[in-house]
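For reference, the chains in residue letters:
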Amino acid sequence: MGHVEIWVLTMCMIFQSGYGFYLPGSYPHKYVVGDPLSVKVNSLTSIDTEMPFSYYSLPFCKPKEGVKDSAENLGELLMGDRIENSPYKFKMYVNESEIFLCQSKKVSADDFKLLKKRIDEMYQVNLILDNLPAIRYTKKEGFMLRWTGYPVGVKVQNVYYLFNHLKFKVLIHKYEETSVARVMGTGDAVEVMPTVTKVGSDMPGHMVVGFEVVPCSVVHDGNLVNKLKMYEKYQSPIKCDPNAVSMPIKEGEPIVFTYEVAFEESDIKWPSRWDAYLKMEGSKVHWFSILNSLMVITFLAGIVLVIFLRTVRRDLTRYEELDKESQVQMNEELSGWKLVVGDVFRAPSNPALLCILIGDGVQILGMAIVTILFAALGFMSPASRGTLITGMLFFYLILGIAAGYVAVRLWRTIGCGDHKGWISVAWKAACFFPGIAFLILTILNFLLWGSHSTGAIPFAVFVILLLLWFCISVPLTLVGGYFGAKAHHIEYPVRTNQIPREIPAQKYPSWLLVLGAGTLPFGTLFIELFFIMSSIWMGRVYYVFGFLFIVLILLVVVCAEVSLVLTYMHLCVEDWKWWWKSFFASGSVAIYIFLYSINYLIFDLKSLSGPVSATLYLGYSLFMVLAVMLATGTVGFLSSFWFVHYLFASVKLD
């Protein structure tokens, strides 16, 4: 079966499967009673420091077969995920209790200090079963709160307690069919939807549809433990009370780890098993954000419409038979922007830099639109860890062609068709944004390496990223540049005078207006920005990509309108230096996003714990803000360029 057929089938599945929305990248596993189930562990995480650490950096039990890394993609490594095997093992539909796991070595002074530090910094243990993260429910003021993972321990009256007994609940759904294709509602497309099961087994299978954990702090009897081996039954019953703690961490004493597991049949279907993690919270807020944006767009669209109607109407009246007096009167009326006709297409200062920024902006904007569209269709679901980052990287590399093409074509347009220097422009476009990104990442990586965090990008991955950059992105950008050099440059509708016209003195500094213009695009974005920040820094799952796609389209429209209106205002006061101003009019939204992220750091993240965490946060924020500035600035510039070209092409001048 060819790739094309599989692609078409997959698209059909997405649009046909009415209820069970299948998430690519996570196939249903069917287990027979007694089949082994293995729990995996991810990095320890904290919203207090934002630095992930390896699970085995703390004195936890290690599996008999040794610690092994699970297969990871590039996105997971960049996100700081380190998925490893764990000693927790279950048998499908076999309830077990009082299982002894191990007794750690005596807690050394260093381990004691580290455990206390991790508990103070609110570190969470993240477990995964059949690709589902462990979920924990707690009651607070009558509300059920959901958490992924469980805390390492807790501090009560200056005494540190460790959670050393875990009570697992695995929710399973029974399927009688040996083939799951019908249940999934995917018709005949069995080839696209393999089910992992034992060969030749016609026994009813079960699927894991939920994974819950209750952590407890329990004191064990040292005499009973000494003779036990891993997975043997602990001799006395263990009472797991999540509201009471009794296992204080003491230096020089070992820690005993135990667990229990109970299986429970559930009505949850396999395609709906992620619903518990993706509960739709604040959908009204998302709609409010979109309505708010639509109001801003309508207001700006009104202004744009007025501008176009006035200019086009005036142009048409040129052909109407009017008496001489009316024409003279009209010319006086039109004096503003018509006076800059000989300067409006004069080359801006630093034209090469402008071309490079626009090329990189097209690449980032294209990547954002394509990635979010794919994510909204369900291709980059939270069930497939790391696919979002991997997808972004892939689309960014491919769109190097667009960056090279746009940068070089704009360079030739500004140079009135001159080919000279196009290779330099394409090369710089290929290196400008990735170069800054690498500089920021390298500095932050040294901080993470110094802290021994799993958030640090391994050296091998660094080499892979460099190879992707220089072996794929740079050549593609140069190819795009070659096509841009071959393409016909955009011809200006009017000639440029040799001597530049003097710009009259303005009442207000024009840059003040340009920086203020960023508030309108920010207004369309800031509500969604809160959800995005919460998902990145608060460990929440972000999945409302449909809303995000709508917000992105609205943002593009607002940026185009804001820049267009501002360019017209500048031309009306005879200011012909519109090139850079049109870029920064919409690009200045980045300043407000950066100020918002500082506000989020101080008030929502409580400044994090320690200067390293705050520096990491600000470094990543700076990286994000730069990308936003390039993307929004590009939209503003291209819309203004089109507007100015259209304006002076459609209005015939004497």
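Look up: the structure comes first, before these words.
Here we summarise the structure given alongside this text. Quantities reported herein were computed from a predicted structural model and do not represent experimental measurements.

What counts and what doesn't
Residues numbered from 1 in each chain as written. Predicted model: local features only at pLDDT ≥ 70, side-chain atom pairs only at ≥ 80, totals over all residues. Heavy atoms only, no water. Helix = DSSP H or I, 4+ residues; strand = E, 2+ residues; numbered from the N terminus. Buried < 20%, exposed > 50% of the residue type's maximum accessible area, 1.4 Å probe, protein only. Contact = heavy atoms within 4.5 Å. Areas by Shrake-Rupley, 256 points an atom, 1.4 Å probe, with all protein chains shown as cover. Pairing = 2+ DSSP bridges. Expected span 1.5 Å × (residues − 1). Disulfide = S-S within 2.5 Å. Salt bridge = Lys/Arg side-chain N within 4 Å of Asp/Glu carboxyl O. Axes fitted to C-alpha atoms, helices over the stretch in contact; angles between N-to-C directions. Parallel < 35°, antiparallel > 145°, perpendicular 65-115°, else oblique. Left-handed = near helix turned anticlockwise from the far one by under 90°. Core = buried A, V, L, I, M, F, W, Y, C linked by side-chain atoms within 4.5 Å. Domains from an automatic or database assignment. Nonpolar A, V, L, I, M, F, W, Y, C, P; charged D, E, K, R; others polar. Phe/Tyr/Trp six-rings, centres within 6.5 Å; stacked < 30°, edge-to-face > 60°. Lys NZ or Arg CZ within 6 Å of the ring centre and 35° of its normal. Polar contact = N/O pair within 3.5 Å; in protein donor to acceptor, adjacent residues only side chain to side chain.

1. Quick look at the overall build of the chain
Part 1 of the argument: What the chain contains, in helices and strands, is 18 helices and 14 strands.
Part 2 of the argument: Buried residues in the chain amount to 50% of all 654 residues.
Part 3 of the argument: By sequence separation, contacts in the chain at least 24 residues apart represent 84% of the contacts at least 6 residues apart.
Part 4 of the argument: Accessible surface for the chain amounts to roughly 31,500 Å². Of this, 64% is attributable to carbon and sulfur atoms.

2. A short note on the sheet that holds strand β6 (residues 132-133)
Part 1 of the argument: An order of β2-β1-β5-β6 is seen for the four strands of this open sheet, with the pairing classed as antiparallel. Of all the strands in the sheet, the pair left with one neighbour each is β2 (84-91) and β6.

3. Section: helix α9 (residues 387-398)
Part 1 of the argument: Between its terminal C-alpha atoms α9 stretches 16 Å, which fits the 16 Å expected from 12 residues at 1.5 Å a residue.
Part 2 of the argument: Listed as buried for α9 are G391, F395, Y396 and L397.
Part 3 of the argument: On its buried face, α9 sits against α8 (351-376), α10 (400-414), α11 (422-450) and α12 (459-486).

4. A closer look at the state of the cysteines
Part 1 of the argument: This model, assessed by the stated rule, comprises two disulfides.
Part 2 of the argument: Put simply, C61 and C102 are joined by a disulfide, and their sulfur atoms are 1.9 Å apart. The disulfide joining C61 to C102 has a torsion of about -85 degrees about its S-S bond and is therefore left-handed. Of this pair, C61 sits in the loop between β1 (36-41) and α2 (74-79) while C102 is found in strand β3 (residues 96-103), placing the two residues 41 residues apart along the sequence. The two residues C61 and C102 agree in class, both being buried.
Part 3 of the argument: Residue C216 pairs covalently with C240 via a disulfide, S to S 1.8 Å. Between C216 and C240 the disulfide shows an S-S torsion of about 65 degrees. By sign, it is right-handed. A residue pair is termed long-range when its members are at least 10 positions apart, and C216 in strand β13 (residues 205-216) and C240 in the loop between α4 (222-225) and β14 (256-265) qualify at 24 residues.
Part 4 of the argument: By sequence order of its bonded cysteines, the chain has the disulfide arrangement 1-2, 3-4.

5. Quick look at the pattern of salt bridges
Part 1 of the argument: Applying the stated criterion across every chain yields a total of nine salt bridges.
Part 2 of the argument: Between K89 and E65 there is a salt bridge, and its shortest N-O distance comes to 3.5 Å. Here E65 lies in the loop between β1 and α2 and K89 lies in strand β2, a separation of 24 residues in the sequence.
Part 3 of the argument: In this structure, the salt-bridge partner of K117 is E121, at a minimum N-O distance of 3.5 Å.
Part 4 of the argument: Among the residues examined, K117 registers a relative accessible area of 44% and is labelled partly exposed.
Part 5 of the argument: Overall, E121 belongs to the buried group, its relative accessible area being 14%.

6. Section: helix α16 (residues 579-587)
Counting along an α-helix, one turn takes 3.6 residues, and residues three or four places apart therefore face a common direction.
Part 1 of the argument: For α16, the buried fraction is high: eight of the nine residues fall into the buried class.
Part 2 of the argument: Along α16, the positions that sit buried rather than exposed are W579, W580, K581, S582, F583, A585, S586 and G587.
Part 3 of the argument: Where α16 is buried, its residues meet α8, α10, α13 (510-517), α15 (545-572), α17 (589-603) and α18 (611-650).

7. Side note on the packing of α16 against α18
Part 1 of the argument: Across the interface, α16 lies against α18 with an axial gap of 7 Å and an inter-helix angle of 130 degrees. As far as their axial angle goes, α18 and α16 are oblique. Remark: the crossing between α16 and α18 carries right-handed chirality. On α18, the residues that touch W579, S582, F583, F584, S586 and G587 of α16 are M629, L630, T632, G633, T634, G636, F637, S640 and F641.

8. A short note on the environment of F168
Part 1 of the argument: In this structure, F168 sits in strand β12 (residues 165-175).
Part 2 of the argument: In this structure the C-alpha to C-alpha distance between F168 and A262, which are 94 residues apart in sequence, comes to 6.3 Å.
Part 3 of the argument: Beyond its immediate sequence surroundings of up to four residues, F168 is in contact with Y88, F90, L127, F211, E212, V213, Y259, E260, V261 and A262.

9. Side note on the nonpolar core
Part 1 of the argument: In this structure, L571, F637 and F648 are the most contacted members of the largest nonpolar core, which totals 93 residues.
Part 2 of the argument: Residue contributions to this core peak at 16 residues, all from α15.
Part 3 of the argument: Counting contributing residues, this core receives three or more from each of domain 2 (281-311 + 518-653) and domain 3 (349-491).
Part 4 of the argument: Counting residues in each nonpolar core, the second largest holds 57 residues, with V152, L162, M230 and L616 among its members.

10. Details of the environment of G359
Part 1 of the argument: Among the secondary structure elements, G359 is positioned in helix α8.
Part 2 of the argument: G359 sits in the buried class, given a relative accessible area of 0%.
Part 3 of the argument: Once the C-alpha coordinates of G359 and I401 are considered, the two residues, 42 residues apart in sequence, prove to be 9.5 Å apart.
Part 4 of the argument: Discounting residues that sit within four places of it in the chain, G359 has contacts with A403 and A407.

11. Some remarks on the packing of α13 against α15
Part 1 of the argument: Across the interface, α13 lies against α15 with an axial gap of 11 Å and an inter-helix angle of 165 degrees. The orientation of α13 relative to α15 falls into the category roughly antiparallel. The crossing of α13 and α15 is right-handed. From α13, S510, L513, V514 and A517 reach across to α15, where they touch V562, L566, M569 and H570.
Part 2 of the argument: Partitioned by chemical class, the residues of the contact of α13 with α15 number six nonpolar, two polar and no charged.

12. Some thoughts on the pairing of strand β11 (residues 159-162)
Within a regular strand, the side chains alternate between the two sheet faces.
Part 1 of the argument: Two elements, strand β10 (residues 153-156) and β11, share four bridges in a ladder whose sense is antiparallel. Of the residues in β11, the one forming a bridge with K155 is Y160.
Part 2 of the argument: Counting the residues in the hairpin turn of β10 and β11 gives two residues, including Q157, whose phi is positive at 50 degrees.

13. Focus: the packing of aromatic side chains
Part 1 of the argument: One pass over the structure, following the stated rule, counts 43 aromatic pairs.
Part 2 of the argument: Residues F530 and F531 carry aromatic rings whose centres are separated by 6.0 Å and whose planes lie at 75 degrees to one another, so their mutual orientation is edge-to-face.
Part 3 of the argument: With a relative accessible area of 33%, F530 lands in the partly exposed category.
Part 4 of the argument: Pairwise contacts between aromatic rings join Y88, F90, F168, F211 and Y259 into one cluster.
Part 5 of the argument: The ring of F53 has R118 sitting right over it, with the charged end atom 3.9 Å from the ring centre.
Part 6 of the argument: Taking NZ or CZ as reference, R346 lies 5.7 Å from the ring centre of W576, over its face.

14. Thoughts on the side chain of D343
Part 1 of the argument: In this structure, D343 sits in the loop between α7 (335-338) and α8.
Part 2 of the argument: Judged by relative accessible area, D343 falls into the buried class, the value being 1%.
Part 3 of the argument: A polar side-chain atom of D343 sits 2.7 Å from a polar atom in the side chain of R346.
Part 4 of the argument: Those residues in contact with D343 that sit more than four places away from it in its chain are N497, I499, P500, R501 and W576.

Read these as geometric descriptors, not functional statements.
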